[in-house]
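Spelled out from the first residue to the last, the chains are:
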Amino acid sequence: MIDCGFFYNTLVESGIDFFAGVPDSLLKSFCGYVSEHVDLNNHLIAANEGGAIALACGHYLATGQPGLVYMQNSGQGNAANPLISLADPDVYSIPILLLIGWRGEPGKKDEPQHVKQGKITLSFLETLDIPYMILPDTDNQAQQCVEQAFKTMEESSAPVALIAKKEIFSPYQMAECMGCSSELTREAAIKEVIKNLDESDVIVSTTGKASRELYEYRDSLGGDHSKDFLTVGSMGHASQIALGIALEKPERQVFILDGDGAAIMHMGAMAIIGSKASANFKHIILNNGCHESVGGQPTVGFSISFTNIAKACGYKIALQAENLSEISQKMEILKSSDGPALLEIKVRKGARADLGRPKTSPKENKAAFMRFLAD
Ligand SMILES: Cc1ncc(C[n+]2csc(CCOP(=O)(O)OP(=O)(O)O)c2C)c(N)n1
């Protein structure tokens with residue numbers, strides 16, 4: 001295993017003084033270490049991976065120094081455009097060191113949404129002509145690997161990638177982040193939302209543990225998952241999936257259970273939602289101020305106003321709740337008012353340690369959901 005502090009120092013000694021990225025479960029320890037050791041001007045948790053690439057490009061333009069961009073391989077798609085049309089040697093030729101967590105590595109068991117991305121992680125980089133190295137699992141070898149990556153990056157003045165396999169970094173425990181005084185858990189908030197829904201209502205739920213909690217709650221109620229579409233991958237796109245449904249099914253209320261990190265990742269979605277007078281569209285953001293599903297690294301969720309953003313985008317109403325009785329009260333208003341409507345629920349960080357994963361496949365989920373919608 002590689003010690004996070006050692007790896008961080010190796011990067012700094014090589015000349016990295018700027019970090020940007022979107023956290024990943026495989027990079028949890030490293031991301032946590034960076035969050036606690038780099039000041040806020042030199043470490044930005046970006047809205048999405050494309051934004052992280054652009055931030056590192058800006059840093060390079062201003063300083064002549066390459067930045068480090070970390071991401072889960074799920075973010076390669078978001079990063080592709082600025083890698084191809086900004087940093088690429090055929091365009092501005094900007095060096096960036098990429099650190100990519102390899103979910104779905106062939107031969108290792110992982111969730112369905114990671115399998116394809118895992119298979120194409122390396123060939124994707126090859127297609128983009130980005131040289132890569134798979135991080136070896138000792139400190140000294142990792143140091144040599146970083147030195148080699150720097151040499152290649154300096155010679156080409158272009159991005160170079162380091163690939164991190166599962167459990168490559170030794171555990172690093174981040175201190176609890178402050179911010180939300182709420183006692184309410186995301187899971188309890190989800191249960192309260194479901195309790196307040198009508199029989200015909202459907203839900204599109206966001207990437208990460210929120211969907212897993214929703215799935216387990218439905219299991220505990222008898223196992224009918226047909227009203228829920230679980231957005232297991234495609235982080236940040238759940239609200240547009242919901243809008244696509246809402247526009248075609250005006251007789252049904254369509255609820256989206258979003259995360260603050262996911263909502264911020266593709267926040268432009270809110271402008272499009274607000275531009276459609278979709279009376280049946282009901283957006284719920286479970287705001288815990290962090291990317292809880294992948295380690296709890298902070299988002300800017302607690303320093304922005306989702307309700308003001310929603311109103312400015314054209315949502316008809318935007319409400320807030322912080323406890324169970326407020327949720328039940330605001331859900332009544334949400335259901336009886338014309339949308340697009342928003343309810344932001346402030347929840348605390350954390351999840352059950354024994355939280356399971358969906359036992360049915362995405363295709364089974366899709367088929368059941370479509371049958372329910374067609375009824
Ligand atoms: C494009 C992309 N980048 C990163 C990830 C890894 N990832 C999965 S869940 C998650 C955190 C989601 O945070 P938030 O929406 O705030 O929900 P929370 O986990 O806090 O409930 C991240 C970063 C991903 N799945 N897809």
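Described below are features of the structure shown in this document. (Residues numbered from 1 in each chain as written. Predicted model: local features only at pLDDT ≥ 70, side-chain atom pairs only at ≥ 80, totals over all residues. Heavy atoms only, no water.)

**So, the overall build of the protein**
Argument step 1. Helices and strands together make up the secondary structure of the protein, namely 14 helices and 14 strands.
Argument step 2. Oriented by its inertia axes, the alpha-carbon framework of the protein measures out at about 60 × 40 × 40 Å.
Argument step 3. Per-residue burial over the protein gives 53% buried out of 375 residues.
Argument step 4. Here the analysis covers contacts within the protein between residues at least 6 apart in sequence; of these, 80% occur between residues at least 24 apart.
Argument step 5. Accessible surface, the protein as shown: approximately 15900 Å² in total, 52% of it carbon and sulfur.
Argument step 6. Where the 33 positive side-chain charges of the protein centre and where its 45 negative ones centre are 8 Å apart. (Helix = DSSP H or I, 4+ residues; strand = E, 2+ residues; numbered from the N terminus. Buried < 20%, exposed > 50% of the residue type's maximum accessible area, 1.4 Å probe, protein only. Contact = heavy atoms within 4.5 Å. Areas by Shrake-Rupley, 256 points an atom, 1.4 Å probe, with all protein chains shown as cover. Lys, Arg positive; Asp, Glu negative; His and termini not counted. Charge placed at Lys NZ, Arg CZ, Asp CG, Glu CD.)

**Here's the deal with the packing of aromatic side chains**
Argument step 1. Across all of its chains, the model carries seven aromatic pairs by this definition.
Argument step 2. With 5.5 Å between their ring centres and 50 degrees between their planes, tyrosine 8 and tyrosine 33 make a pair best called tilted. Of this pair, tyrosine 8 sits in helix H1 (residues 4-14) while tyrosine 33 is found in helix H2 (residues 28-37), placing the two residues 25 residues apart along the sequence.
Argument step 3. For tyrosine 8, a relative accessible area of 13% gives the class buried.
Argument step 4. On the basis of relative accessible area, tyrosine 33 is assigned to the buried category, the value being 13%.
Argument step 5. Ring centres of phenylalanine 30 and phenylalanine 169 lie 5.5 Å apart, and the angle between their planes is 25 degrees; this geometry places the pair in the stacked category. In this pair, phenylalanine 30 sits in helix H2 while phenylalanine 169 sits in the loop between strand E6 (160-164) and helix H7 (186-195), placing the two residues 139 residues apart along the sequence. Here the two residues phenylalanine 30 and phenylalanine 169 agree in accessibility, since each one is buried. (Phe/Tyr/Trp six-rings, centres within 6.5 Å; stacked < 30°, edge-to-face > 60°.)

**Overview of the nonpolar core**
Argument step 1. Residues Phe7, Phe30, Leu97, Leu99, Leu135, Leu162 and Phe169 are the most contacted members of the largest nonpolar core, which totals 30 residues.
Argument step 2. Contributions of two or more residues to this core are made by H1, H2, strand E3 (67-72), strand E4 (96-101), helix H6 (139-156) and E6.
Argument step 3. At six residues, H6 tops the list of elements feeding residues into this core.
Argument step 4. Non-local contacts of phenylalanine 169, meaning those with residues more than four positions away in its chain, are made with Met1, Ile2, Cys4, Phe7, Leu26, Leu27, Ser29, Phe30, Leu99, Leu135 and Ala164. (Core = buried A, V, L, I, M, F, W, Y, C linked by side-chain atoms within 4.5 Å.)

**Some details on the pairing of strand E10 (residues 281-287)**
Argument step 1. Most of E10 sits out of view: seven of its seven residues are buried.
Argument step 2. Neither face of E10 is open: one carries Phe281, His283, Ile285 and Asn287, the other Lys282, Ile284 and Leu286, and all of them are buried.
Argument step 3. Across six bridges, the pairing between strand E9 (residues 254-259) and E10 is parallel. Opposite isoleucine 256, over in E10, you have histidine 283 as the bridge partner.
Argument step 4. Both E10 and strand E14 (residues 341-346) contribute to a ladder of six bridges, which runs parallel. Of the residues in E14, the one forming a bridge with isoleucine 284 is leucine 343. (Pairing = 2+ DSSP bridges.)

**So, the pattern of salt bridges**
Argument step 1. Going through the model one piece at a time under the given rule, you end up with 16 salt bridges.
Argument step 2. A salt bridge links lysine 227 to glutamate 199; the nearest nitrogen and oxygen atoms lie 3.2 Å apart. With lysine 227 in the loop between helix H8 (209-220) and strand E8 (228-230) and glutamate 199 in the loop between H7 and strand E7 (202-205), this pair connects stretches of sequence that are 28 residues apart.
Argument step 3. Here arginine 352 and aspartate 354 are joined by a salt bridge, their closest N and O atoms 3.0 Å apart. (Salt bridge = Lys/Arg side-chain N within 4 Å of Asp/Glu carboxyl O.)

**Here we look at the site of the ligand**
Argument step 1. Around the ligand lies a shell of 21 residues, among which Glu49, Arg186, Gly261, Cys290 and Ser293 are the nearest.
Argument step 2. At 2.7 Å, a side-chain N or O of arginine 186 approaches an oxygen atom of the ligand.
Argument step 3. The protein chains hide 96% of the 580 Å² of surface that the ligand would expose on its own.
Argument step 4. For the shell around the ligand, the secondary structure elements donating two or more residues are helix H10 (260-265) and strand E11 (290-291).
Argument step 5. With four residues, the top contributor of residues to the shell around the ligand is H10.
Argument step 6. Residues that form the shell around the ligand fall into these classes: seven nonpolar, ten polar and four charged. (Near = heavy atom within 4 Å. Polar contact = N/O pair within 3.5 Å; in protein donor to acceptor, adjacent residues only side chain to side chain. Nonpolar A, V, L, I, M, F, W, Y, C, P; charged D, E, K, R; others polar.)

**A few points about the sheet that holds E10**
Argument step 1. Strand order in the open sheet formed by six strands is E8-E7-E9-E10-E14-E13, with parallel pairing between adjacent strands. Where the open sheet ends on each side, the last strands, each with one partner, are E8 and strand E13 (317-321). Across this sheet, the average inter-strand angle for adjacent strands is 15 degrees, counted without regard to direction.
Argument step 2. Across five bridges, E13 lies against E14 in parallel orientation. By the bridge assignment for E14, glutamine 320 is matched with glutamate 344. (Axes fitted to C-alpha atoms, helices over the stretch in contact; angles between N-to-C directions.)

**Some points on the environment of glycine 21**
Argument step 1. Structurally, glycine 21 is set in strand E1 (residues 19-21).
Argument step 2. When near neighbours in sequence (up to four residues on either side) are disregarded, glycine 21 contacts Leu44, Ile45, Ala46, Ala52 and Tyr70.

**Considering the sheet that holds strand E2 (residues 43-45)**
Pairing between sheet strands relies on hydrogen bonds along the backbone, with the strands arranged either parallel or antiparallel.
Argument step 1. The strand order E2-E1-E3-E4-E6-E5 describes an open sheet built from six strands, whose pairing is parallel. At either margin of the open sheet sits one strand with a lone partner, and together these are E2 and strand E5 (132-134). For this sheet, the mean angle separating the axes of adjacent strands, direction not counted, is 20 degrees.
Argument step 2. Note: E4 against E6, five bridges, orientation parallel. Bridged to leucine 99 within E6 is leucine 162.
Argument step 3. Relative to the sheet, H6 contacts E4, E5 and E6, its axis offset from that of E6 by approximately 155 degrees.

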